[in-house]
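What follows is the residue order along each chain.
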Amino acid sequence: MNLSKISNLVIVLLIVFSFGSCHSAKKQKSATKFYTYAETPPMGWNSWDCYGPTVTEAEVKANADYMADHLKEYGWQYIVVDIRWYVENTKAHGYNQTDPIYCMDDFGRLTPAVNRFPSAADGEGFAPLADYIHNKGLKFGIHIMRGIPVEAVKKNTPIVDSKYHARDIYSEKQQCKWLRDMYTVDSTKAGAQAYYNSLFDLYASWGVDFVKVDNLSRPYHQGEIEMIRKAIDQCGRPMVLSTSPGATPLAKAKHIMTHANMWRICDDFWDNWNYLKPMFKLCKEWAPYSGPGHWADADMLPLGRISIRGERGEPRKTGFTKDEQYTLMNLWAMFRSPLMFGGDLPSNDDFTNSLITNGELLDVDQHSINNRELKNNNGLIVWAADVPDSKDKYVALFNTTDEKPEVISVSLSELGARGDYAVHNLWTQKTEAVKNGKISVELRPHASAIFRLVKY
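Model, not experiment: these values are computed from the prediction.

When the UniProt feature table is mapped to this numbering, "domain: Alpha galactosidase C-terminal" (unreviewed entry) covers residues 378-453. The span residues 378-453 is 0% helix and 53% strand, and its two end C-alpha atoms sit 25 Å from each other.

So, in structure tokens, the structure goes:
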């Protein structure tokens, strides 16, 4: 081969390589633009733990008012209306699946029940409520079930700006077993993406900032997850995507982290130690997959006054002991879970508020890095994390055993800390020098402690 032919071949290869690199970079940028919607774990309030499927506009506004007045300065910002806001005759302790009255527009899209959300009258949807929340400097979210309403299929409603109708895109396969409101949207059918696009175009017009999509995780509905991602991307409004509920399969970690901002790692979490203890294993497994814009979600915080008209149990203050409430907050912070408060905020007492307004603890959740379970010695567990741009460290110690107090120790060398450190307790605010190169704490069963190691 002569030199001119070699030169031409090199030029062609460079052009191909350059085009491929540019195409790949554009694809990567497009795939991760939504990461900017939740660069830190979202913090907010969700109506589920205290109101189940029955929350009203007045109750949503009361919680928004409280957040704006008392919690916004600490980073709390989302107000999320959970399940079945589109049913007029809903009920607590389960779902009315006998004779539900659905609210739906002419294009098969569910709309707020006006008897519960009066500002939604005259086709306004959630826009007036979203405006109310936005005017307080907060963000507005809703819960939806995946799929298309059964009622839309019965009526064969048209799909906006499309030649297709509801019956063209639905499937009865894999219908949700515990709530029969929806059919699956079959991602292989023409018109399926158009329907999801129409949904999120509607939510964008309402001013929605956060969408929790239910029944996506078990089994893992990859086709609908991908359609939802595309629908949000095309709607023109940034919306945090939260997938729920259930143990998202660990095998799908790389897929979900490139499609959602947060995803549930467990079923619904409630205020009992039998729910909290298994979270340590789940958090250990999922910690490597969280990062800016994409967060493994350990579920809501069932704290304060819950189950006012809830799905699980009678009206009550949280069933967690104070030790267990600290443990819950310490684990969620070290794991960097999204923080969604489940209790009725206006009912909070001083202790409950102290749990969610500790700026130093919230800083762990929002900004720490390299978060991991360091060791687990028969239920005596140590988590560690680093403080960005610093030689400081975070360390949390947990006694998850049930019978007696235990001493838990961790050395500076195990934490990768060299030199002299002070140890600062994030709850008591006490600071003292680290002695003998290690931290040792005696903890009651289910109790914990969290510290910042400060280099000096």
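A few words now on the sheet that holds strand β6 (residues 182-185). Each strand in a sheet pairs with another by means of backbone hydrogen bonds, the pair being arranged parallel or else antiparallel. Taken in spatial order, the 3 strands line up as β4-β6-β5 in an open sheet, and their pairing is antiparallel. The strands lining the two open edges of the sheet, one partner per strand, are β4 (148-149) and β5 (170-171). Note: β5 against β6, 2 bridges, orientation antiparallel. In the sheet register, Tyr170 faces β6, and the bridge partner there is Val185.

Once that is clear, we can look at the confidence of the model for the protein. It should be kept in mind that the predicted coordinates are not to be read in detail where pLDDT is low. Across the protein, the average pLDDT comes to 94, with 93% of residues at 70 or higher. Counted against residues more than four places away or in other chains, residues 1-30, with its pLDDT under 50, gives 1 contact.

Under the defined criterion, the tally for this structure stands at 22 aromatic pairs. Ring centres 6.4 Å apart and planes at 85° place the aromatic pair Phe335 and Trp383 in the edge-to-face group. Residue Phe335 is found in helix α12 (residues 322-335), and its partner Trp383 is found in strand β15 (residues 380-386); the two are separated by 48 residues along the sequence. For Phe335, a relative accessible area of 2% puts it in the buried group. Cluster of aromatic residues (ring-pair linked, three or more members): Trp85, Tyr86, Tyr102, Phe117, Phe126, Phe140, Phe200, Tyr203 and Trp206. Looking at Lys455, its charged tip hangs above the ring of Tyr421, at a distance of 5.8 Å from the centre.

What follows deals with helix α3 (residues 57-71). The end-to-end C-alpha distance of α3, which contains 15 residues, comes to 20 Å, matching closely the 21 Å that a straight helix rising 1.5 Å per residue would cover. Among all positions of α3, only Glu57, Glu59, Val60, Asn63, Ala64, Tyr66, Met67, Ala68 and Leu71 are buried. Against β1 (43-46), α2 (48-51), β2 (78-81), α4 (127-134) and α13 (350-356) lie the buried residues of α3.

What counts and what doesn't
- Residue numbers run consecutively from 1 along every chain, following the written order of its sequence.
- Under the rules for a predicted model, residues below a pLDDT of 70 receive no local features and side-chain atom pairs below 80 are neither given nor counted, while totals for whole chains, interfaces and linings still include all residues.
- Side-chain numbers come from the whole structure's heavy atoms, not from hydrogens or water.
- UniProt positions are given in the numbering used here, feature names are shortened, and annotations may be inferred rather than shown by experiment.
- In this text, helices come from DSSP runs of H or I with a minimum length of four residues, and strands from runs of E with a minimum of two, each type numbered from the N-terminal end.
- Strand pairing is assigned whenever DSSP identifies at least 2 bridges connecting the two strands.
- A score from 0 to 100, pLDDT tells how confident the predictor is in each residue.
- Between two residues, a contact is recorded if the distance between any of their heavy atoms is within 4.5 Å.
- For this analysis, a ring pair means two rings from Phe, Tyr or Trp (six-membered ring only for Trp) whose centres lie within 6.5 Å, classed as stacked if their planes differ by under 30 degrees, edge-to-face if by over 60, and tilted for the remaining angles.
- A simple rule labels every residue: compare its accessible area, found with a 1.4 Å probe on the protein chains alone, to the largest value its type can have, and call it buried under 20%, exposed over 50%, or partly exposed in between.
- Think of it as a cone above the ring: NZ of Lys or CZ of Arg counts as a charge over the ring if it is within 6 Å of the ring centre and within 35 degrees of the ring normal.
- A helix is expected to span 1.5 Å multiplied by its residue count minus one.

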